[in-house]
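Residues per chain are reported as follows:
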Amino acid sequence: MARLPLIVALVSLVSLSLHSLTCASEENASGVLPPEVVAFRAGLETLVRQNRLPGVAVGILRDQELIWADGIGYADLENKTPASPTTPYRLASVSKPFAAVLIMQLVEKGKLELNTPMAQFRVPSRYRQKPILIRHVLSHTSEGVPGSVYQYSGDCYSDLTLVIEEVTGKSYPRVLKSNILDPTQMRRSVPGPMAPGYETIIGDLALPYEVFEGVPVRSAYPIVVPNWSSSHEQDWTVVGFLKRTEDFTRREILGNAYTPLHGMQTSGGLVSTITDLAKFDVALDRDRLITRESKEQIFTPAVSNSGKKLPYGLGWFVQQHKGLKLVWHYGEWPPTHSSLYLKVPQKDLTLVILANCAGLSSPYSLWQGNVLASPYATLFLETCVLDEKD
């Protein structure tokens, strides 16, 4: 049982908050929510209101089943379109665990090794200056002396796009689609926010907002398109996070298989929903995407050259809390979107929250590797995970 005193206190908040928040809920088969989920929902509604988030979508999985999915607030404030579990959101860095799964699939097939130097691939020149391994990039230990310290780097992680494309001979969005999105039937997910053929799903995307002085104000998602007309480096518009010269390299590697990234690469860009992410989570837990041994590798924190345990594994943050392993990732692209994906494997519990502003992540410096800095994560742990004795 989760902490009952806290549950009783939080349940009393439900009647105070429901009148001011629009919710679109999918409950379990019985139609009755467990008391710990009721408590979590009450607390979440309070946090959303206090932090002026325009809207969030949320889901909880237990024993590889989506036991509750909900929308709180709005995907479109102006038109009062409620957020819902099927509303598409940009995930930002919650895309990184998907890339880690793709890398491990290649490792399992014998096409790649984690200890292969990045310099063996057609990647930026910085990898020829130091002995940086694929493992270092996956664990954010490629900065400074490789393997010595953890330093979060989305830019370096994005270079794994080039590695996957060179090994497979396919564009990264197509690899992601064929190896994860299609097998898991993630039919409301898009491999890149500007990918063609997904106009209906992108049209349903939660609209972006910036919370300015406590008021959500309509913003705009970053547009990621190539600017081939300019020869000046300062005018290079990134394709994903890859510069124009790197996209030329992609064309040479892929030949006729080349397609634009459409804003999708290993570091970010995936568009998805709560219900689709639940499908990914179940497939991961049931070892349908990678083996249990591979999953154990990505869920194990890296160890520095000096023997220090670091806060990141391979594509996932990993930390301990009260005897439980927490495996998680956050997403953040200020000011327009943020996300949180938290797994507690020993309890077979997962939380996913998506937001159409940066407030789910930005205030909490989650890149430092401590999910307990997030009140959304601690609320989940206190109401749904930890026992009374904890």
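1. A few points about helix H3 (residues 35-50)
Inference 1: Taking 1.5 Å per residue as the helical rise, H3 with its 16 residues ought to reach 22 Å, and the 23 Å between its terminal C-alpha atoms agrees with that figure.
Inference 2: A large share of H3 lies buried, amounting to 13 of its 16 residues.
Inference 3: The positive-phi residue at the C-terminal boundary of H3 is Arg52, with phi of around 60°.

2. With respect to the sheet that holds strand S5 (residues 89-90)
Inference 1: The strand order across the open sheet built from three strands is S5-S9-S6, with neighbouring strands paired in antiparallel fashion. Two strands in the sheet have a free side with no partner beyond their single neighbour: S5 and strand S6 (190-191).
Inference 2: The pairing of S5 with strand S9 (residues 270-272) spans two bridges and is classified as antiparallel. Bridged to Tyr89 within S9 is Ser272.

3. Some thoughts on the packing of aromatic side chains
Inference 1: Evaluated as defined, the whole model comprises 15 aromatic pairs.
Inference 2: With centroids separated by 4.7 Å and ring planes inclined at 80°, the aromatic side chains of Tyr312 and Phe317 adopt a geometry described as edge-to-face. One exposure class covers both Tyr312 and Phe317, and it is buried.
Inference 3: An angle of 15° between the planes, with centres 4.3 Å apart, marks the rings of Phe317 and Trp328 as stacked. In this pair, Phe317 sits in strand S10 (residues 317-321) while Trp328 sits in strand S11 (residues 324-333), placing the two residues 11 residues apart along the sequence.
Inference 4: Residue classification places Phe317 among the buried residues on the basis of a relative accessible area of 0%.
Inference 5: Taken together through their ring pairs, the aromatic side chains of Tyr150, Tyr152, Tyr312, Phe317, Trp328 and Tyr330 make up a single cluster.
Inference 6: The ring of Tyr74 has Lys80 sitting right over it, with the charged end atom 5.1 Å from the ring centre.

4. Focus: the nonpolar core
Inference 1: One finds Phe40, Ile180 and Phe380 to be the most contacted residues of the largest nonpolar core, which totals 100 residues.
Inference 2: If you tally residues by element for this core, the top one is helix H4 (residues 96-108), at eight residues.
Inference 3: If near-sequence neighbours (up to four positions away) are discounted, Phe380 is found in contact with Phe40, Ile60, Leu342, Val344, Leu349, Thr350, Leu351 and Val385.
Inference 4: By size, the runner-up hydrophobic cluster in this structure holds seven residues, among which are Val190, Tyr198, Leu205 and Tyr221.

5. Description of the pattern of salt bridges
Inference 1: According to the stated counting rule, one finds 17 salt bridges in the structure shown.
Inference 2: A salt bridge links Asp281 to Lys343; its shortest N-O distance comes to 2.8 Å. Of this pair, Asp281 sits in helix H11 (residues 274-285) while Lys343 is found in strand S12 (residues 337-344), placing the two residues 62 residues apart along the sequence.
Inference 3: Taking the relative accessible area as the measure of exposure, Asp281 reaches 1% and is therefore buried.
Inference 4: Among the salt bridges present, the one from Lys325 reaches Glu296, with a minimum N-O distance of 3.7 Å.

6. Focus on a nonpolar patch on the surface
Inference 1: A cluster of nonpolar side chains, Phe212, Val215 and Val217, forms an exposed patch at the surface whose accessible area comes to about 270 Å².
Inference 2: Mapped onto the elements of the fold, Phe212 is located in strand S7 (residues 209-212).

7. Focus on the packing of H3 against helix H13 (residues 375-385)
Inference 1: Running from amino to carboxyl end, H3 crosses H13 at an angle of 160°, the nearest separation of the two axes being 9 Å. Looking at the two axes, H3 sits roughly antiparallel to H13. Where H3 crosses over H13, the two elements pack in a sense that is right-handed. Judged by residue contacts, Glu36, Val37, Ala39, Phe40, Gly43, Leu44 and Leu47 of H3 engage Pro375, Tyr376, Leu379, Phe380, Thr383 and Cys384 from H13.
Inference 2: Among the residues making up the contact of H3 with H13, the classes are represented as 10 nonpolar, two polar and one charged.

8. Things to note about the confidence of the model for the protein
Inference 1: In this model, the protein carries a mean pLDDT of 89, and residues with pLDDT of at least 70 account for 86%.
Inference 2: Low pLDDT, under 50, characterises residues 3-24; the stretch is placed with 51 contacts to residues that sit more than four places away or in other chains.
Inference 3: Scored below 50 in pLDDT, residues 225-240 makes 29 contacts in the model with residues more than four places away or belonging to other chains.

9. With respect to helix H7 (residues 160-168)
Inference 1: Taken residue by residue, H7 has Leu160, Thr161, Leu162, Val163, Ile164 and Glu165 as its buried positions.
Inference 2: Immediately downstream of H7, the backbone of Gly169 shows phi near 75°, a positive value.

10. What about the environment of Ser219?
Inference 1: Mapping Ser219 onto the fold places it in the loop between strand S8 (215-218) and helix H10 (244-254).
Inference 2: Note on Ser219: relative accessible area 21%, which makes it partly exposed.
Inference 3: In the structure, Ser219 is positioned 12 residues away from Leu207 in sequence and 8.1 Å away in space, judged by C-alpha atoms.
Inference 4: Once residues lying within four places of it in the same chain are set aside, the contact partners of Ser219 are Pro208, Tyr209, Glu210, Pro335 and Thr336.

11. Examining unusual backbone geometry
Inference 1: Going from Pro334 to Pro335, the amide bond is cis rather than trans, its omega being 0°.
Inference 2: Checked against the element boundaries, Pro335 lands in the loop between S11 and S12.
Inference 3: With a phi angle near 55°, Ala92 is a residue other than glycine that sits in the positive phi range.
Inference 4: Looking at where Ala92 falls in the secondary structure, it is placed in the loop between S5 and H4.
Inference 5: On the accessibility criterion, Ala92 (7% relative accessible area) is buried.
Inference 6: The backbone phi angle of Asp348 is positive, close to 55°, even though this residue is not glycine.
Inference 7: Its place among the elements puts Asp348 in the loop between S12 and strand S13 (349-355).

How each quantity is defined
Residues numbered from 1 in each chain as written. Predicted model: local features only at pLDDT ≥ 70, side-chain atom pairs only at ≥ 80, totals over all residues. Heavy atoms only, no water. Helix = DSSP H or I, 4+ residues; strand = E, 2+ residues; numbered from the N terminus. Expected span 1.5 Å × (residues − 1). Buried < 20%, exposed > 50% of the residue type's maximum accessible area, 1.4 Å probe, protein only. Pairing = 2+ DSSP bridges. Phe/Tyr/Trp six-rings, centres within 6.5 Å; stacked < 30°, edge-to-face > 60°. Lys NZ or Arg CZ within 6 Å of the ring centre and 35° of its normal. Core = buried A, V, L, I, M, F, W, Y, C linked by side-chain atoms within 4.5 Å. Contact = heavy atoms within 4.5 Å. Salt bridge = Lys/Arg side-chain N within 4 Å of Asp/Glu carboxyl O. Patch = residues over 30% accessible without salt bridge, like charges linked within 9 Å, V, L, I, M, F, W, Y side chains within 5 Å. Areas by Shrake-Rupley, 256 points an atom, 1.4 Å probe, with all protein chains shown as cover. Axes fitted to C-alpha atoms, helices over the stretch in contact; angles between N-to-C directions. Parallel < 35°, antiparallel > 145°, perpendicular 65-115°, else oblique. Left-handed = near helix turned anticlockwise from the far one by under 90°. Nonpolar A, V, L, I, M, F, W, Y, C, P; charged D, E, K, R; others polar. pLDDT = per-residue confidence, 0-100.

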